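Summary of structural features
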Amino acid sequence: MLITRGYRTQLDLNHQQITLCKQHAGAVRWSWNWGLRRKQEVYQQEKRWISAMELHRELNTLKQTEIPWMYEVSKAAPQEALRDLDQAYRNFFRRCGLKKEGKWKGKPGFPKPKTKRKGVGSFRLTGSIHIYEQAIELPRFGRLRLHECGYLPTSGVAVLSATVSEEAGRWFVSVQVSEQVPDPPQASGPPIGVDTGIKTLAQCSDGRAIANPKALTSELKRIKRLHRWLSRKQKGSKNRAKARQKLARKYARVSHVREDALHKGTSQLTRAQLTPEEREIRKAEIAATLSEPKAKVKPKRGKRSKKEPPPEPLLKTIANKVKAKQMKKLLRQARTLDAQRRPAVVVLEDLHVAGMRTEPQAGSGNQRCRIRRVQAANGLQNVLARRKPAVGRSLVCFHQTVLWLQPYQRRDRPFRAHLCLRASGL
């Protein structure tokens, strides 16, 4: 089947490239704010909504007179920003319609102007994008060095777009590609229930427990120290900017630890659990089916460089790295032989009930979304266990899978439901 997937990795940029990235992010921010003003003006005068293509034609006219600095950046960056603005308006009207029907709670979310207070920002590029083993080539940027080599796909995919973003002083690129993957075999294992908690990230009905890294608790002492250090710096000084960046990197580390735990936890739930011996046997089987890759090493250039072929150990090392990368990708794919080891149905605790909240470190909402995406790619089904507000107990039936949601005895405290896995017979 054909899927659309994103790969995100860090960039290694020099000062000139960082300046160009900031220029693109500033152009996107200016285009968004200008397009938002123009949409409001046209609606007040003509009672209609101007489209992104009309805004882009007006922007091209302004480039020749008022904003000649826009020629220094790629034309795709402001154009994609105006398209995002159109999508934000469509989402706003859709939520307004749902709110009238009583299906949407909260604010509809009218588009707001962009500022630097929440970060430098990001920009999306389209067109001629090429991915190499150690670099990526973007329009108007040329080749940018990658911090992690061998992660982005270099062949067999169609590159759709590339989004460059900044986070705590580091720059990342997210490449959206369209690739062909084999259809996942349908899982036929016994269903399991997942109860998200505080001590553990998730507790399964089959006895497995996914540990909670508690990233914020482990870094809280350092974060407090950095906050005190930042408060003692003079406002507007360079030392204050350095302290702010260190604090931002610490918060970014907490976020990355959470994301890593969610990725590993969802992989444990949706993939077949292999023992170390079975994993080695599987690797040997995959290695036997793969052909030996051809490693190409370019000779060094220069007057003093010798025009000799690279040594044999170097070629063998590079070939082994390429083969290990292929084996790792094939090892993650779902197989028909492992259908009995993967659960056919995964029942998740619904966290939208009042009082059903976990520790901030757990990231349960992100975990549920992540599990849904992984399950769709591995041939699994997903069920949410809900509780009706007016009923003390609710019964959820799905494919002869029954779950009882039973409240605690103390009703004076905020209600927190849990899965009675023994009553479900899982």
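The chain has the name Putative transposase IS891/IS1136/IS1341 family in an unreviewed UniProt entry, where Ktedonobacter racemifer DSM 44963 is given as its organism.

Glancing now at the pairing of strand β7 (residues 170-180). Where a strand is regular, its side chains alternate between the two sheet faces. Pairing geometry for strand β1 (residues 2-12) and β7, over nine bridges, is antiparallel. In the strand pairing of β7, glutamine 10 is matched with phenylalanine 172. Relative to β7, strand β6 (residues 157-167) runs antiparallel, the two being bridged by 10 bridges. Within β7, the residue paired with valine 164 across the bridge is valine 173. Connecting β6 to the next strand, β7, in antiparallel fashion are two residues, including alanine 168 with a positive phi near 55 degrees.

Position of serine 165 relative to the elements: it lies in strand β6. By relative accessible area, which is 18% here, serine 165 ends up buried. Excluding its chain neighbours within four sequence positions, the residues that come into contact with serine 165 are Arg8, Gly121, Ser122, Arg170, Trp171 and Phe172.

With that settled, consider the layout of surface pockets. Regions of empty space are outlined by a rolling probe, equal in size to a water molecule, passed over the atoms. Roughly 600 Å³ of internal volume is contained in the second largest pocket. What lines the second largest pocket is a set of 18 residues, and nearest its centre among them are Gly119, Val120, Glu166, Ala168 and Gly169. Those elements that provide at least two residues to the lining of the second largest pocket are α1 (15-46), β6 and α5 (238-270). Sorting elements by how many residues they give to the lining of the second largest pocket places α5 first, with five residues. In the lining of the second largest pocket, the residues fall into six nonpolar, three polar and nine charged. Mapped onto the domain boundaries, the lining of the second largest pocket takes at least three residues apiece from domain 1 (2-180) and domain 2 (194-270).

The rules behind these values
Residues numbered from 1 in each chain as written. Predicted model: local features only at pLDDT ≥ 70, side-chain atom pairs only at ≥ 80, totals over all residues. Heavy atoms only, no water. Pairing = 2+ DSSP bridges. Helix = DSSP H or I, 4+ residues; strand = E, 2+ residues; numbered from the N terminus. Buried < 20%, exposed > 50% of the residue type's maximum accessible area, 1.4 Å probe, protein only. Contact = heavy atoms within 4.5 Å. 1 Å grid on protein atoms, 1.4 Å probe; cavity = no way out; pocket = protein on both sides within 12 Å on 5 of 7 lines; lining within 4 Å. Points joined across faces, edges and corners; volume = space filled by probe spheres on them. Nonpolar A, V, L, I, M, F, W, Y, C, P; charged D, E, K, R; others polar. Domains from an automatic or database assignment.

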